[in-house]
Structures are given as structure tokens and as C-alpha cells.
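Below are the chains, spelled out letter by letter.
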Amino acid sequence: MKRITLPLTISVVLLLAYGAVRLFLPNLLGEAADKYVRAVLLLGFSVVVVRAVSFVLFDIVFQKRKGREAPALLRVLLSTVLYSIFIVVIYKVVLGDKGGGLELIATSTVVSVVIGLALQDTLGNFFAGLAIHIEQPFHILDSIKIDNMIGRVEAVSWRTTTIRTNNNTTVIFPNSRVARDPLEVFRFNNLNRHILLVPAPYDIPPQKVISSIRDAVASIQNVASEKTPIVRIGSFADSSIIYEILYWTKDYMWVPDIDAQIRQHVWYIYRRSEIDIPFPVRHVLLEQQERPARRELPDYGSVIESVEIFAPLSADEKHAVVRSAVRSVFAPGELILRRGEAGDSMFVLYRGNVEVRLPSRDGNVQQVAELKPGSFFGEMALLTGEPRNADVVTLSEVETLEIRKAVLQEILDNNEELAGALSRIIAERQMRLDEYSKTMPEQDRQEKAKNILRRIKRFFSLN
Ligand code: CMP
């Protein structure tokens, strides 16, 4: 409003002053000076009119219709047109130019045509920019795909649109191209879907492939948690089934990174499940080949030896644990255990570190503990039959030995001491979890350990 009232006040004051001069000192201004003063006065009022029109059109009508601010470019354009009209009219009417105004219009038309032809491209870009500003098909931070190039919109000026690619380079498109060419817009903070193709061998049941890949994809950073990823058969190819992984992300620029992580996770999943990554086979082997010798297994005995709770076990029992344990390798950032899921095995860490974590109140995650080689996890659900208490996520590439319930059952039957040691550790871990989840520990540590021991005995039917 101040933009209108200020020139209005000045114009009114000037008008009053002019009126007073004309009334009391009619001879003060000569004829020529009088004309110029009137022209200045009218110019002042034209500022008021232009600003008022701009206010009504853009701040009231446009805002109400579109629900957002009008583009600055549009305001400037309207002001330029209105001022040009006012200047021509004042020149013609007030300064007493007879026919001169028409000449001016004619001359300016010729000049405009010449300038228009010279600036054809620039003007094309300018009007395309104007259309982009009005329609707003995309915003800053959105990602767009144009001419097979994907980048985040960094700036839209009168003439150009600038995007930043994943190579951290900027590509500048003339607005006329952006307005004319097909454009794919991936809105920032919108659930944008992407499809990644991954092969799997024909002899592995699709359900197995689908469930293991889906879980892995859901735990990857920057995959939107609002929508569960979908894994489905895409096609039957020459040497493999091609699976489609559909996932959603709120920032499309992460797609190459997410795809790479999915491929990495898939490699580890295949490795754990002893699935070979299929590749086209083009030759026929006729000779009998000897089976390759089994790879030497690392010294898992030493890691079982270093686990404190297994100290009471005899050498034979430790050997039995190592023999029956299932070895798995996990990628960095992979979710090994999910809070709330059922579990009937525990893990001994042979290589790499894992993090035990809980969701925090603000929706983030909080680290409860970091476990190093020689530690174990997953014992709580295994021993009590309750759901997993926390998420366990790898911090680096991790190798584990998984010990199943049946193996532990046998050992527990012969080692009362082991159940006691485990119940004490579980009680301690449970109290730490209670601290993080801010639930009041209802009993003290010893009482809790006794309680847990009772639950273990009941669950494993021990005396
Ligand atoms: P479980 O409940 O089966 O699955 C999650 C695992 O995280 C849990 O078993 C424990 O092994 C582990 N865990 C939970 N709390 C802690 C803690 N405070 N310190 C170390 N490990 C923990």
C-alpha cells in the first residue's frame, strides 16, 4: 500500500502547490514551463495508476485465483507497457505535440520491429521464461529430465533455466527449449517411483528372491519409507529371470546412488543364499571337470573361543557350535535384525562392526550399542521367544556365525551355567534398552535376570 500512497501524496501536494501558484501568481510560470510542470504532475499520477493497477491485478486477483505470488517478471512487463502508453499520451496531449505523438508511435513501431527481428531468439526465450514463471511447471530443487539429462533446478531466469547434474556440473538451457521440448519433472519431496532391473537364476523360487530383495531395498537410505518397495518378475530373459524392483524416493537425484546400493545388497544376498549371479552362457563344455576344492574356511573356532559366555563349554561343544553355525556376509548398512520380528537364532560377530539401534521420539534412530568382533546379538529373542527388541544394522562389511535354536537347545541342556550367564547379559541389555526407550525398569538387575532365566528355562523346557 505504501508503494501507492507515497507517490499519491507527493502528486497531490505538487498539484496543490501548482494550483496555488496558478491562482495567486498566474504570471510566475511561462507557457513552456507550465507545460512541463503539468507533464511532471501527470507523470506522478501515472506512477500512482500503474502501481494501483499492478496491485489490484497481481496482489488481489492473481493471488486469489492461483493462491501464490505473481511472478516479478509479469509485474515488470505490465509496468513497462503502461508507462510507455502514459509517456506517449503525456507527450502528445500535454506537451501539445500535434501529430508528433503519432510520429513517435510510428517511429517506435519501426524501431520495435527492427529490435524484434534482431532479438528474435532472446525475445523467444524471454516469453518462454514468462510462461514458465506463470505456469510454474517446476520449482527450484525439483529435478527435471530434459534431452536425456537429469539435474536439479537451480535457477530460472528471464532467458535460461539452470540445472545441476549428479556430476556437479551445471547445464544451462534456453527457456525456449524448456518450454518446447518434452520435460519430465520429479518433484522434490514427492514420492517419485523408479524401476531397477536385476537378474536372478531360473532355478531359484521367485518368492525367495522377491522377499529377500524387498527387505534389503526397504532398509536403504533415501528410499521413501512411506511406500513398501515392490519386487516383481519383469521378464524371462535368455539366461535369467529379470526382476523389477520398484521403489519410491523423495529426491530423484539419489536414484543412481540407491540403484548402486541395491545392486551391492543383492550381491550379498545372493552370496548368502548361495545364488549365482546369472550371466549369459554361450559355450558348451564337453570335458569332465573336477569339482573345485572347497575354499578353506577361516578360523571360526577362535572367535567362538573369544566369546565369554561360551567359556563354560567343552572343546567338543564349541566345535559343534562352529560346525553347525551358518556363515553369512552382510553389506555395510544392511539390516540384519528388525525390531518386532520373530527370531529363532543368535549371531556371533566374526568380522566387522554392527550397531544396535532403536527409533527415537523425534522419528530418528538412536544408537544403543556398537558391537565388535567376538560379540553376539539376537540372543534375546532366541532365548525368550519374544520378538526382536531392537534393530541391528551393519556399520561395515560384516561376517557372522548364526547359531540356531536346535543347536543351543542341546548345549543348554548340558550347561546350566550358560543359561545363567546369558540371562545376566540379557538383563543388562534390557535395562539399557529401557533407558533408551524411556520405559521405567520395573525391577532391579538381579530380579530381572532371575525372571529372564525363568523365561529361558520355560522356553527351552529346562529343569
Ligand atoms: P534380540 O532382541 O533378539 O534382537 C535385537 C538384539 O540387539 C538383541 O537381541 C540383543 O542381542 C541386541 N541388543 C539389544 N540391546 C542391547 C544392548 N544394550 N547392548 C548390546 N546389544 C543389545
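Values in this document were obtained by computation on a predicted structure and should not be read as measured data.

Basis of the calculations
Residues numbered from 1 in each chain as written. Predicted model: local features only at pLDDT ≥ 70, side-chain atom pairs only at ≥ 80, totals over all residues. Heavy atoms only, no water. Phe/Tyr/Trp six-rings, centres within 6.5 Å; stacked < 30°, edge-to-face > 60°. Buried < 20%, exposed > 50% of the residue type's maximum accessible area, 1.4 Å probe, protein only. Helix = DSSP H or I, 4+ residues; strand = E, 2+ residues; numbered from the N terminus. Lys NZ or Arg CZ within 6 Å of the ring centre and 35° of its normal. Arc of directions from axis to C-beta. Contact = heavy atoms within 4.5 Å. Expected span 1.5 Å × (residues − 1).

Draft legend 1. The arrangement of the packing of aromatic side chains in detail. Scanning all chains against the criterion turns up five aromatic pairs. Ring geometry for tryptophan 267 against tyrosine 268: centres 5.0 Å apart, planes inclined by 80°, an arrangement best described as edge-to-face. What makes tryptophan 267 partly exposed here is its relative accessible area of 38%. Judged by centre distance (5.2 Å) and plane angle (5°), the ring pair of phenylalanine 347 and phenylalanine 377 falls under stacked. One end of the pair, phenylalanine 347, is in strand 11 (residues 345-351); the other, phenylalanine 377, is in strand 14 (residues 376-377), with 30 residues separating them in the sequence. Pair check on accessibility: phenylalanine 347 and phenylalanine 377 agree, each one buried. Its end group placed over the ring of tryptophan 248, lysine 227 keeps NZ or CZ at 4.8 Å from the ring centre.

Draft legend 2. Molecular detail of helix 10 (residues 315-324). Here helix 10 has its buried residues at Glu317, Lys318 and Val321. What you see down the axis of helix 10 is that its buried residues fit within an arc of 100°, all on one side. Along helix 10, exposed side chains directed more than 90 degrees from the buried face belong to Ala315, Asp316 and Arg323. Those residues of helix 10 hidden inside the fold are in contact with helix 9 (300-306), strand 16 (398-404) and helix 12 (405-414).

Draft legend 3. Structural detail: helix 1 (residues 2-24). An ideal rise of 1.5 Å per residue puts 33 Å on 23 residues; helix 1 measures up with 33 Å between its terminal C-alpha atoms. Looking only at helix 1, the buried set comprises Ile4, Pro7, Ser11 and Tyr18. Buried-residue contacts for helix 1 involve helix 2 (31-66).

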